[in-house]
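One-letter residues, chain by chain:
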Amino acid sequence: MDEFGVVRGQVCPQCGIEDAVPVAVGMPDAELARAADRGLAVIAGCVVVDDRGGLHCRACSHEWGSVDDPTADELILAALLAVGHDDVVQAIGPGWRQVGDDVVGLTWFVSGEPAQVAVGVGAGALVIGPAREDLAVVEDEGRTFSRDDLLCSPEWLAAAADEFARARRRSFRWCPTCRRPHPPEEFAGYRGVCVDCVRRHHGLGR
Ligand SMILES: [Zn+2]
Ligand SMILES: [Zn+2]
């Protein structure tokens, strides 16, 4: 996971745009200085200013919150299960973004970049599976846990999420053009290059 760059899912409460980077406190090292030069972080310096937030909006310069705050999507996930965000993090970790609503009767979230684990949430239960494009397949391949499992035996969910994440990561392939890992379905069979790069190559943009 990248330490710098736009924090996914964190929407600026002032302007409503999702384009916030972390505010780093302390002596900047070379990596942080480079990130700040590229606009991927903001350096707050060594003096801790109390009212400075942990997130800096690049659109309007508003600062608020912390990079560890739950995102709007993560709050939805916790609310659907009627548990706390901390309970969700303890069982299946942070970084969930909503990808589907009412697919096979569940609301879907994924985590990881590229997405590795998918979670489908229904009434009092959730399915954990590999993050595939087709969410109906995820439900077939995944494992179902109850809300009580999440609260009383979070280690069961953690083990399942970890297992699916590892299997998914093993299936990723390296794109030689953008030099990033992608899931196998994102290779269009075009000289081993990912679909994003093929689109860019043909000038179709994104
Ligand atoms: Zn803003
Ligand atoms: Zn690529």
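Conventions used here
- Residues numbered from 1 in each chain as written.
- Chains lettered and ligands numbered in written order.
- Predicted model: local features only at pLDDT ≥ 70, side-chain atom pairs only at ≥ 80, totals over all residues.
- Heavy atoms only, no water.
- Donors = N, O, S within 2.8 Å, 3.2 Å for Na, K, Ca; no water.
- Tetrahedral: all angles 85-135°; square planar, octahedral: opposite > 155°, others 65-115°.
- Helix = DSSP H or I, 4+ residues; strand = E, 2+ residues; numbered from the N terminus.
- Buried < 20%, exposed > 50% of the residue type's maximum accessible area, 1.4 Å probe, protein only.
- Pairing = 2+ DSSP bridges.
- Axes fitted to C-alpha atoms, helices over the stretch in contact; angles between N-to-C directions.
- Contact = heavy atoms within 4.5 Å.
- Phe/Tyr/Trp six-rings, centres within 6.5 Å; stacked < 30°, edge-to-face > 60°.
- Lys NZ or Arg CZ within 6 Å of the ring centre and 35° of its normal.
- Domains from an automatic or database assignment.
- Core = buried A, V, L, I, M, F, W, Y, C linked by side-chain atoms within 4.5 Å.

1. What to know about the coordination of the zinc ion (ligand 2)
1) Next: Each protein donor to the zinc ion (ligand 2) is listed here as Cys-175 (SG), Cys-178 (SG), Cys-194 (SG) and Cys-197 (SG); together their distances run 2.3 Å.
2) Next: Between the 4 donor atoms coordinating the zinc ion (ligand 2), the angles at the centre fall across 103 to 116°, so the site counts as tetrahedral.
3) Next: Written as a sequence motif, the donor arrangement for the zinc ion (ligand 2) is C-x2-C-x15-C-x2-C. With a gap of 19 residues between them, Cys-178 in the loop between strand 10 (173-174) and strand 11 (181-182) and Cys-197 in helix 7 (residues 195-201) connect regions that are remote in the sequence.
4) Next: A relative accessible area of 22% places Cys-178 in the partly exposed class.

2. Examining the sheet that holds strand 6 (residues 106-111)
1) Next: Strands sit in the order 5-6-7-8-9 across an open sheet of 5 strands; the sheet is antiparallel. Here the strands that pair on one side only, and so sit at the sheet edges, are strand 5 (97-103) and strand 9 (143-146). Pairwise comparison of adjacent strand axes, ignoring direction, gives a mean angle of 25° for this sheet.
2) Next: In terms of strand pairing, strand 7 (residues 117-122) meets strand 8 (residues 125-130) through 6 bridges, oriented antiparallel. By the bridge assignment for strand 8, Ala-118 is matched with Gly-129.
3) Next: Strands in contact with helix 6 (residues 154-171) are strand 7, strand 8 and strand 9; relative to strand 8, the strand with the most contacts, it is inclined by about 25°.

3. Focus on the packing of aromatic side chains
1) Next: Scanning all chains against the criterion turns up 0 aromatic pairs.
2) Next: Sitting above the plane of the Phe-187 ring, Arg-173 keeps its charged end 4.2 Å from the centroid.

4. Side note on the domain arrangement of the protein
1) Next: Assigned domains within the protein: domain 1 (1-69), domain 2 (72-171) and domain 3 (172-206).
2) Next: Each of domain 1 and domain 2 has a C-alpha centre, and these two points are 27 Å apart.

5. Concerning the nonpolar core
1) Next: Core analysis: the largest hydrophobic core is formed by 21 residues, its most contacted members being Ile-92, Trp-96, Leu-126, Ile-128 and Leu-157.
2) Next: Elements supplying a minimum of two residues to this core: helix 2 (72-81), helix 3 (85-92), strand 7, strand 8 and helix 6.
3) Next: Residue contributions to this core peak at 5 residues, all from helix 6.
4) Next: Beyond its immediate stretch of four places on either side in the chain, Leu-157 contacts Ala-91, Ile-92, Leu-126, Ile-128, Phe-145, Asp-149 and Leu-150.
5) Next: Counting 9 residues, the second-largest nonpolar core is a separate cluster that includes Trp-108, Ala-115, Val-127 and Leu-135.

6. Brief notes about the coordination of the zinc ion (ligand 1)
Perfect tetrahedral coordination of a metal by four donors corresponds to 109.5 degrees between them, and perfect octahedral coordination by six donors corresponds to 90 or 180 degrees.
1) Next: Distances from the zinc ion (ligand 1) to its protein donors, namely Cys-12 (SG), Cys-15 (SG), Cys-57 (SG) and Cys-60 (SG), fall within the range 2.3 to 2.4 Å.
2) Next: One can describe the site at the zinc ion (ligand 1) as tetrahedral: its 4 donor atoms subtend angles covering 106 to 115° at the metal.
3) Next: Counting the intervening residues between successive donors of the zinc ion (ligand 1) yields the motif C-x2-C-x41-C-x2-C. Highlighted residues: Cys-15 in the segment before strand 1 (20-25) and Cys-60 in the loop between strand 3 (55-57) and strand 4 (63-64), separated in sequence by 45 residues.
4) Next: A relative accessible area of 32% places Cys-15 in the partly exposed class.
5) Next: We classify Cys-60 as partly exposed; its relative accessible area is 27%.

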